[in-house]
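# Structural characterization, general
What follows is each chain in one-letter form.
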Amino acid sequence: MANAVSPWVEEGSMSVRTIVTVTGSVVLVVALVAVGSYLWSRRSPHVIEATSEIRATPAEVWQVLVDNDRYPEWNPAITRSEGRLEVGGTVTNTVRLGDGTMTFTPEVLAVRPGRELRWVGRTYLPRVADGEHSFVLEEIHPGVTRLTQREEFTGVIVPFASGLLAGMDEEFAAVNAALARRVEAVRGSVGAGR
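The residue count restarts for each chain, going from 1 along the sequence in the order it is written. Two thresholds apply to this predicted model, a pLDDT of at least 70 for residue-level local features and 80 or more for giving and counting side-chain atom pairs, whereas whole-chain, interface and lining totals are computed over all residues. As a rule here, side-chain values cover all heavy atoms of the structure and leave hydrogens and water aside.

Time to look at the side chain of S134. The numbering of helices and of strands both runs from the N terminus, where a helix is a DSSP run of H or I of at least 4 residues and a strand a run of E of at least 2. Residue placement: S134 occurs in strand β9 (residues 130-141). Beyond its immediate stretch of four places on either side in the chain, S134 contacts L117, R118, T148, Q149 and R150. Two residues qualify as a contact provided that any one of their heavy atoms is within 4.5 Å of a heavy atom in the partner residue.

Right, here's the structure in full:
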């Protein structure tokens, strides 16, 4: 009678059973770290925010903000934006990233004229690195609007990506300042045309 070879037989210095056990343990640890990291990021998202005041009404700021075809004319971060800003729709944004660019297609979550524009962008797969970006407008005095630009990052890799997200608050402040200049220039050209 021939000896049947068991799948758990020793092969070299490590048995198949040991390999399966080690591999299973590694997979389990990776899964636990991923789930824990995601849950942690949901409780404590990485938030970037910039607030500024614009000498214009929310309606005037809104008019420039939702004219995404013209972003290349004034926006220092989003160099190209295509698509309609409507709830459930998507836009394709090309953003400056260091010396290069990155293109992503966020889903539009809120369009509240004169009050809020919000979208969510995802990197590759949902819950790996999601960024919910918003522009909130609030009239704080007649003819003066507070603009708050904010992004909340959540996802499996977010707790490990704080270095990559550093400096974005300065970029947000630059976009806010550029938007203010654009709105005030449009206001001036409309006033001059009367």
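All right, on to the sheet that holds strand β8 (residues 116-122) then. A pair of strands is labelled paired if DSSP reports no fewer than 2 bridges between them. Read across the sheet, five strands follow the order β3-β10-β9-β8-β7 without closing on themselves; strand pairing throughout is antiparallel. Sheet topology places β3 (46-54) and β7 (107-112) at the edges, where each strand pairs with a single neighbour. Each strand of the sheet is rotated relative to its neighbour by a mean of 10°, with strand direction disregarded. As paired elements, β3 and strand β10 (residues 144-154) share nine bridges and run antiparallel to each other. Across the sheet, residue E53 finds its bridge partner in β10, namely R146. Every angle, taken between N-to-C directions, lies between 0 and 180 degrees, and every axis is a line fitted to C-alpha atoms, over only the stretch in contact when it is a helix. Each of β3, β7, β8, β9 and β10 is contacted by helix α2 (residues 58-65), which is oriented at about 150° to β9, the strand it contacts most.

On to the pattern of salt bridges, then. Counted as salt bridges are all cases of a side-chain nitrogen of Lys or Arg within 4 Å of a carboxyl oxygen of Asp or Glu. According to the stated counting rule, one finds 14 salt bridges in the structure shown. Of the charged contacts, one joins E73 and R70 as a salt bridge, the two residues approaching to 3.2 Å between their closest N and O atoms. E73 sits in the partly exposed class, given a relative accessible area of 47%. Residues E73 and R182 are paired through a salt bridge, measuring 2.6 Å at the closest nitrogen-oxygen approach. On the criterion of sequence distance, the pair formed by E73 in helix α3 (residues 71-74) and R182 in helix α5 (residues 168-192) is long-range, its members being 109 residues apart. Connected through shared salt-bridge partners, D67, R70, E73 and R182 make up one network. When a residue's accessible area, from a 1.4 Å probe over protein chains only, is under 20% of the maximum for its type it is buried; when over 50% it is exposed; and in between it is partly exposed.

Right, let's get into the nonpolar core. Grouping buried Ala, Val, Leu, Ile, Met, Phe, Trp, Tyr and Cys residues that are joined through side-chain atoms within 4.5 Å yields what is termed a nonpolar core. Formed by 24 residues in total, the largest nonpolar core has its most connected members in I54, V61, L65, W74, L117, L179 and V183. Mapped by element, the contributors of at least two residues to this core are α2, α3, β8, β9 and α5. A per-element tally of this core places α5 first, with five residues. In this structure, L65 is in contact with Y71, L85, L117, F135 and L179, ignoring residues within four places of it in sequence. With five residues, the next largest nonpolar core counts I48, A50, F153 and M168 among its residues.

As judged from the four bridges shared by strand β4 (residues 78-82) and strand β5 (residues 92-97), these two strands associate in the antiparallel manner. Looking at the pairing, R80 lines up with T94 of β5. Alignment of β5 against strand β6 (residues 100-104), held across five bridges, turns out to be antiparallel. Paired with V95 across the strands is M102, a residue of β6. Where β5 folds back onto β6 in an antiparallel hairpin, the turn is made up of two residues, including G98, whose phi is positive at roughly 65°.

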